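Now for the letters of each chain:
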Amino acid sequence: MVTQAIVKMGNKKLATPSTPVANFKNPLSGCPELALLIQNMKDTMIAKEGVGIGAPQVGCNKRIIMFGFDENKRYPNKQPVPFTVLINPQYRPLSEEMIDGWEGCLSVPCIRGLVPRYLSIEYSGYDLQGNLVTRLAEDFHARIVQHECDHLDGILFPYRLKDLKEFGYEDELGEQIYL
């Protein structure tokens, strides 16, 4: 297992929009650097107990995200989300309905904020074999995808807060962040 240092808020790489991954059919066989990046991202996400991670968070400004978990100590009351790697992901809301939810981020450690996100989305991107993946997601699953896609556009969750009174350290916010 090889973990990477997480790039934290304030680092220019997190504020820089990522470039698409070009010309790939099978990233695992055709691009060993990409395969290594993806494995390192997965190892890092698991080691840091994240539910998702974007390539910029390990210092690589490529449009790659991954997410998923069965159980997670940082989000103990959330339903499992299937592990997914998406290359060049995008999403679209299925309605204008938005819902506020508590978010944290490996790049903004120990802090949470109440962030509005679309309740339901359709997302797509390419898997590790270069196949197009398209899925519907709602609730926490949709929130994770939107959060990780934001990383690819140089956006961190604090930039989306409606009210700075709903932003703070996890230990000070208490149990409300787990609801």
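Everything below is about the structure printed above this text.
Keep in mind the model is a prediction, meaning the values are calculated, not measured.

## A word on the overall build of the chain
Thought 1: Broken down by element type, the chain carries five helices and eight strands.
Thought 2: When the helices and strands of the chain are listed from N to C terminus, the series reads α-α-α-β-β-β-β-β-β-β-α-β-α.
Thought 3: Computed over C-alpha atoms, the radius of gyration of the chain comes to 16 Å, within 12% of the 16 Å expected from 2.2 N^0.38 for 179 residues, which places it in the range of a compact globule.
Thought 4: Its C-alpha atoms give the chain principal-axis dimensions of roughly 45 × 35 × 30 Å.
Thought 5: Across the 179 residues of the chain, 49% fall into the buried class.
Thought 6: The contacts in the chain between residues at least 6 apart in sequence include a share of 67% that link residues at least 24 apart.
Thought 7: Of the roughly 9,300 Å² that the chain leaves accessible, carbon and sulfur atoms contribute 52%.
Thought 8: Counting 19 positive and 22 negative side-chain charges, the chain places the centres of these two groups 6 Å from one another.

## Some remarks on the environment of Q39
Thought 1: Looking at where Q39 falls in the secondary structure, it is placed in helix α3 (residues 32–47).
Thought 2: Spatially, the C-alpha atoms of Q39 and M1 are 8.6 Å apart, while their sequence positions differ by 38 residues.
Thought 3: At 2.9 Å, the side chain of Q39 forms a polar contact with the side chain of D43.

## A word on the sheet that holds strand β4 (residues 98–105)
Thought 1: Taken in spatial order, the three strands line up as β4-β5-β8 in an open sheet, and their pairing is antiparallel. Two strands bound the open sheet, and with one partner strand each, they are β4 and β8 (167–169). Taking each pair of neighbouring strands and ignoring which way they run, the sheet shows an average axis angle of 20 degrees.
Thought 2: Bridge analysis of β4 against strand β5 (residues 108–118) gives seven bridges, and the strand direction is antiparallel. Bridging across to β5, I99 finds its partner in R117.
Thought 3: Sheet strands touched by helix α4 (residues 139–152): β4 and β5. Its angle to β4, the strand with the most contacts, is close to 60 degrees.

## Side note on the pattern of salt bridges
Thought 1: In total, this model carries nine salt bridges according to the counting rule given.
Thought 2: Where E103 meets R143, a salt bridge forms, and the shortest distance between an N and an O atom there is 2.7 Å. Of the two residues, E103 sits in strand β4 while R143 sits in helix α4, which places them 40 residues apart along the sequence.
Thought 3: Given a relative accessible area of 2%, E103 falls into the buried group.
Thought 4: Since its relative accessible area comes to 7%, R143 is described here as buried.
Thought 5: Across the pair R160 and D150 runs a salt bridge, and its minimum N-O distance is 2.6 Å.

Thresholds applied
- Residues numbered from 1 in each chain as written.
- Predicted model: local features only at pLDDT ≥ 70, side-chain atom pairs only at ≥ 80, totals over all residues.
- Heavy atoms only, no water.
- Helix = DSSP H or I, 4+ residues; strand = E, 2+ residues; numbered from the N terminus.
- Rg over C-alpha atoms; globule rule 2.2 N^0.38 Å.
- Buried < 20%, exposed > 50% of the residue type's maximum accessible area, 1.4 Å probe, protein only.
- Contact = heavy atoms within 4.5 Å.
- Areas by Shrake-Rupley, 256 points an atom, 1.4 Å probe, with all protein chains shown as cover.
- Lys, Arg positive; Asp, Glu negative; His and termini not counted.
- Charge placed at Lys NZ, Arg CZ, Asp CG, Glu CD.
- Polar contact = N/O pair within 3.5 Å; in protein donor to acceptor, adjacent residues only side chain to side chain.
- Pairing = 2+ DSSP bridges.
- Axes fitted to C-alpha atoms, helices over the stretch in contact; angles between N-to-C directions.
- Salt bridge = Lys/Arg side-chain N within 4 Å of Asp/Glu carboxyl O.

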